[in-house]
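# Geometric and topological summary
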Amino acid sequence: MAKVLSKEEWRRRRRLYAYIKLALAAVLAILILLVVVLGLLKIVRNLFSREQTPTTSTLTMKQELNITEYFLTKNIYSRPGNELKSVKGIVIHYVADAGSTAAENRNYYESLKGGEGGAESCHFIVDLDGTIVQCIPLSEVACASGERNEDTIAIAFCHPKIDGIPTAATYQSLIELTAYLCEQYGLGKDAVLRHSDLGEQSCPKYYAEQEGKWAAFLAEVDTMLAQKKK
Ligand SMILES: [Zn+2]
C-alpha cells in the first residue's frame, strides 16, 4: 500500500520539483547560449582566416592562376638549367602556331632536346582556355629572349587564329600572371616587354603591330598591380 504523504511532505516535494525544473531550464539556457557563442566564434574565425590567406605564396599563385607544372627534361636546347640570378623584366611572346595548345607547345620544346630543331622554350605558356603550363622553374633561365634570357622571365600565350589575338580567357590570365610576377620581383609595368621590343619584329604578332592594344594590356597589368598593393 502506498505511503500516505503528509501535507508538509507534499509541500517539500513540490518545492523539490520546482527546483529540478528550474535547474533543467538553466542547463538548457546555458546549452543554447554555448551553441550561439560557438557559432559566433566560428563566423569571426572564418572572417579573420580569410583575411589572413596569403596572396603571394607559390601555392596560392598556382591555385589562383591555375598553373600546372610540366617541366621540361634538362637539355641544352630548351632547358639548359642555368641559374636565373636576377629578374629585371618579363618578356611576352606568342606561340605563333595558331590553334595550338599549351601542352602541345610544351611538348614541342621538349622535342628539341635531341638537337634537331634549334633552341626554344619559355617559363610559362598561357593556354587557349586561360589555364597555364609552367615549363621551367623560376630559378632557371628559359631559351626565349636572346641575351635577355639571363635576367627575364618568358611568357608565351596561345591564340586561336593567325592574327595572334588571344582569347578573352587567355588575355585575362596573361594580365594576372604578368601582374603577379611583377609584384613578386618588385617590377613595374615598364619592365614588361614584348619580344619585339628586343628586336624580334613579329613576336607577339598582334601586340607588335597594335601599339594601342599593347598599351591597353600594360594599363590592365598596372591596374592589377595597384589592386595587389592595397
Ligand atoms: Zn618571341
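These numbers were taken from a predicted model, which means no experiment stands behind them.

Reading the values: rules and limits
Residues numbered from 1 in each chain as written. Predicted model: local features only at pLDDT ≥ 70, side-chain atom pairs only at ≥ 80, totals over all residues. Heavy atoms only, no water. Domains from an automatic or database assignment. Buried < 20%, exposed > 50% of the residue type's maximum accessible area, 1.4 Å probe, protein only. Helix = DSSP H or I, 4+ residues; strand = E, 2+ residues; numbered from the N terminus. Arc of directions from axis to C-beta. Contact = heavy atoms within 4.5 Å. Donors = N, O, S within 2.8 Å, 3.2 Å for Na, K, Ca; no water. Pairing = 2+ DSSP bridges. Phe/Tyr/Trp six-rings, centres within 6.5 Å; stacked < 30°, edge-to-face > 60°. Salt bridge = Lys/Arg side-chain N within 4 Å of Asp/Glu carboxyl O. Axes fitted to C-alpha atoms, helices over the stretch in contact; angles between N-to-C directions.

## Digging into the domain arrangement of the protein chain
- Parsing the protein chain into structural domains produces domain 1 (1-52) and domain 2 (58-229).
- Just the C-alpha atoms count here: the centres of domain 1 and domain 2 sit 64 Å apart.

## Overview of helix H3 (residues 102-111)
- For H3, the set of buried residues is Ala102, Asn105, Arg106, Tyr109 and Glu110. Buried positions in H3, seen along its axis, are confined to an arc of 150° and lie on one side of it.
- Where H3 is buried, its residues touch strand E3 (124-126), strand E4 (132-134) and strand E5 (152-157).

## Let's talk about the coordination of the zinc ion
- Only His93 (ND1), His195 (ND1) and Cys203 (SG) from the protein coordinate the zinc ion, and they sit 2.0 to 2.3 Å from it.
- For the zinc ion, the single-chain donor residues occur in sequence as H-x101-H-x7-C. Separated by 102 residues along the polypeptide, histidine 93 in strand E2 (residues 89-94) and histidine 195 in the loop between strand E6 (192-194) and helix H5 (205-209) bring together distant segments of the chain. Of the two residues, histidine 93 and histidine 195, neither departs from the other in class, the shared state being buried.

## A few points about the pairing of E2
- Here E2 lies mainly inside the structure; six of its six residues are buried.
- Residues of E2 alternate between two faces, with Gly89, Val91 and His93 on one and Ile90, Ile92 and Tyr94 on the opposite face, all of them buried.
- As defined by bridge partners, E2 adjoins E5 across six bridges and the pair is classed as parallel. Looking at the pairing, isoleucine 92 lines up with isoleucine 155 of E5.
- Where E2 meets E6, three bridges bridge the pair, whose relative direction is parallel. Bridge assignment links valine 91 to a residue of E6, and that residue is leucine 193.

## Some words on unusual backbone geometry
- The omega torsion across cysteine 203 and proline 204 is -10°, close enough to zero to call that bond cis.
- Locating proline 204 in the fold gives a position in the loop between E6 and H5.
- Here the phi dihedral of alanine 96 falls at roughly 75°; this positive angle occurs in a residue that is not glycine.
- In this structure, alanine 96 sits in the loop between E2 and H3.

## Some details on the packing of aromatic side chains
- In the structure shown here, the tally under the stated rule is seven aromatic pairs.
- Each ring, one from tyrosine 108 and one from tyrosine 109, has its centre 6.2 Å from the other, and the planes form 50°; the classification is tilted.
- Classification of tyrosine 109 as buried rests on a relative accessible area of 3%.
- Where phenylalanine 157 meets tyrosine 207, the ring centres are 5.9 Å apart and the plane angle is 70°; that geometry is what we call edge-to-face.

## Structural notes on the pattern of salt bridges
- Here the structure, examined in full by the defined rule, presents nine salt bridges.
- Lysine 113 serves as the salt-bridge partner of glutamate 110, at 2.8 Å between the closest nitrogen and oxygen.
- When its relative accessible area of 11% is taken as the criterion, glutamate 110 is described as buried.
- Assessed through its relative accessible area of 41%, lysine 113 is described here as partly exposed.
- The salt bridge involving aspartate 197 is made with arginine 194; its shortest N-O contact spans 3.1 Å.
- Among the charged side chains, a salt-bridge network with shared partners connects Lys74, Arg79 and Glu140.

## Topic: the sheet that holds E4
- The six strands are arranged E1-E4-E3-E5-E2-E6 in an open sheet whose pairing can be described as mixed. The sheet is open, and its two borders are formed by strand E1 (67-69) and E6, each paired with just one other strand. Each strand of the sheet is rotated relative to its neighbour by a mean of 25°, with strand direction disregarded.
- Of the pairings in the sheet, the one linking E1 to E4 comprises three bridges and is parallel in character. Across the sheet, isoleucine 67 pairs through a bridge with isoleucine 132, a residue of E4.
- Against the sheet, H3 engages E3, E4 and E5, with an angle of about 150° to E3.
- Packed on one face of the sheet, helix H6 (residues 211-229) meets E2 and E6 and runs near 155° to E6.

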